[in-house]
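# A look at the structure
Spelled out, the chains give:
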Amino acid sequence: MKNRKVEIIYATLELAAENGLGSVSMQQIAGKVGITKASLYNHFASKEEIVEAMYDVLRNASKQRIHADLPDLDRLTPDIPLQAILNGAVGSYRNMVNDPEMFRFYKVIMSERAINPAAAEIMVKETRTMIHATKMLFYALQIKGIAYFEDADAAAFSFAMAVHSIIDYECDLKQTGVEIEKDMMQEYISEFCRIYEQ
């Protein structure tokens, strides 16, 4: 038996990717899935609720497909260079963001976030998740003597936001057809490591 909620989520994503989230109605979603509008409301109370569930479902599916997670913090040792650890963490996050379904979702959400509070909430949630994960990593790096931060929270925040901005910028360049001449992420990580590596 199909999971109807997941079916609704993917139908909504498909409609939103074609026409923009703002123009998608509950009636269209019901029609795409092949159910009545009343039946759709048995699963989700609103389009905003569908979009919120979409974020969780797609993010978890993407993480499972590409095994995206923080490095095993218990296995970190000073023998592993800081740059290798950060490259692995950022690479894992990048792979998740670039997973085709997740990328399509982010394109929809990013195009809507300035006018749709539900889309903006999802971007806030994603950014907070990224910042929290980076803090956990940085605390472990400091405890294990791999890196030293005067203020681990501030360093984690600035690193997460820089990574987020570079990924956004690369996405914009790709969307406009502009070739990325250098590995901006690698240059940033190298400079970060030069400053903070023990």
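Scroll up to find the structure.
Before going into details, it helps to say that this report is about the structure given with it. Quick caveat, the model's predicted, so the values are computed rather than measured.

Let's shift gears to helix H5 (residues 82-98). Between the first and last C-alpha of H5 there are 24 Å, a value that for 17 residues agrees with the 24 Å anticipated at 1.5 Å per step. Within the span of H5, buried status applies to Leu82, Ile85, Leu86, Ala89, Val90, Ser92, Tyr93, Met96 and Val97. Seen from one end, H5 has its buried residues packed into an arc of 150 degrees, which puts them on one side. Each element contacted by the buried residues of H5 is listed here: helix H4 (47-66), helix H6 (100-112), helix H7 (117-143), helix H8 (152-176) and helix H9 (184-196).

A few words on the pattern of salt bridges. Scanning the model with the defined rule gives nine salt bridges in all. Of the charged contacts, one joins Asp56 and Lys125 as a salt bridge, the two residues approaching to 3.2 Å between their closest N and O atoms. Remark: Lys125 occurs in helix H7 and Asp56 occurs in helix H4; sequence separation between them is 69 residues. Classification of Asp56 by relative accessible area gives partly exposed; the value is 31%. A relative accessible area of 34% means that Lys125 is categorised as partly exposed. Across the pair Arg194 and Glu191 runs a salt bridge whose closest N-O atoms are separated by 2.6 Å. Residue Arg194 and its partner Glu191 are located together in helix H9, separated by three residues, close to a single helical turn. Relative accessible area serves as the criterion here: at 58%, Arg194 is assigned to the exposed category. The exposure class assigned to Glu191 is partly exposed, which follows from its relative accessible area of 36%.

If you trace the backbone, Ala16 turns up in helix H1 (residues 4-19). Judged by relative accessible area, Ala16 falls into the buried class, the value being 4%. C-alpha separation for the pair Ala16 and Asp79, spaced 63 residues apart in sequence, amounts to 47 Å. Every residue in contact with Ala16, bar those within four places of it in the chain, is listed here: Leu21, Val24 and Val108.

Let us now look at the packing of aromatic side chains. One pass over the structure, following the stated rule, counts eleven aromatic pairs. Ring geometry for Phe138 and Phe149: centres 4.7 Å apart, planes at 0 degrees, overall stacked. Here Phe138, found in helix H7, pairs with Phe149, found in the loop between H7 and H8; they are eleven residues apart in sequence, far enough to count as distant. The residues Phe138 and Phe149 share a single accessibility class, namely buried. Taken together, Phe138, Phe149, Phe159, Tyr188, Phe192 and Tyr196 form an aromatic cluster joined through their ring pairs. Over the ring of Phe44 we find Lys5; its NZ or CZ atom is 5.2 Å from the centre of that ring. Above the face of the Phe103 ring, Lys174 is positioned so that its terminal group lies 5.5 Å from the ring centre.

Reading guide: rules and limits
- Residues numbered from 1 in each chain as written.
- Predicted model: local features only at pLDDT ≥ 70, side-chain atom pairs only at ≥ 80, totals over all residues.
- Heavy atoms only, no water.
- Helix = DSSP H or I, 4+ residues; strand = E, 2+ residues; numbered from the N terminus.
- Expected span 1.5 Å × (residues − 1).
- Buried < 20%, exposed > 50% of the residue type's maximum accessible area, 1.4 Å probe, protein only.
- Arc of directions from axis to C-beta.
- Contact = heavy atoms within 4.5 Å.
- Salt bridge = Lys/Arg side-chain N within 4 Å of Asp/Glu carboxyl O.
- Phe/Tyr/Trp six-rings, centres within 6.5 Å; stacked < 30°, edge-to-face > 60°.
- Lys NZ or Arg CZ within 6 Å of the ring centre and 35° of its normal.

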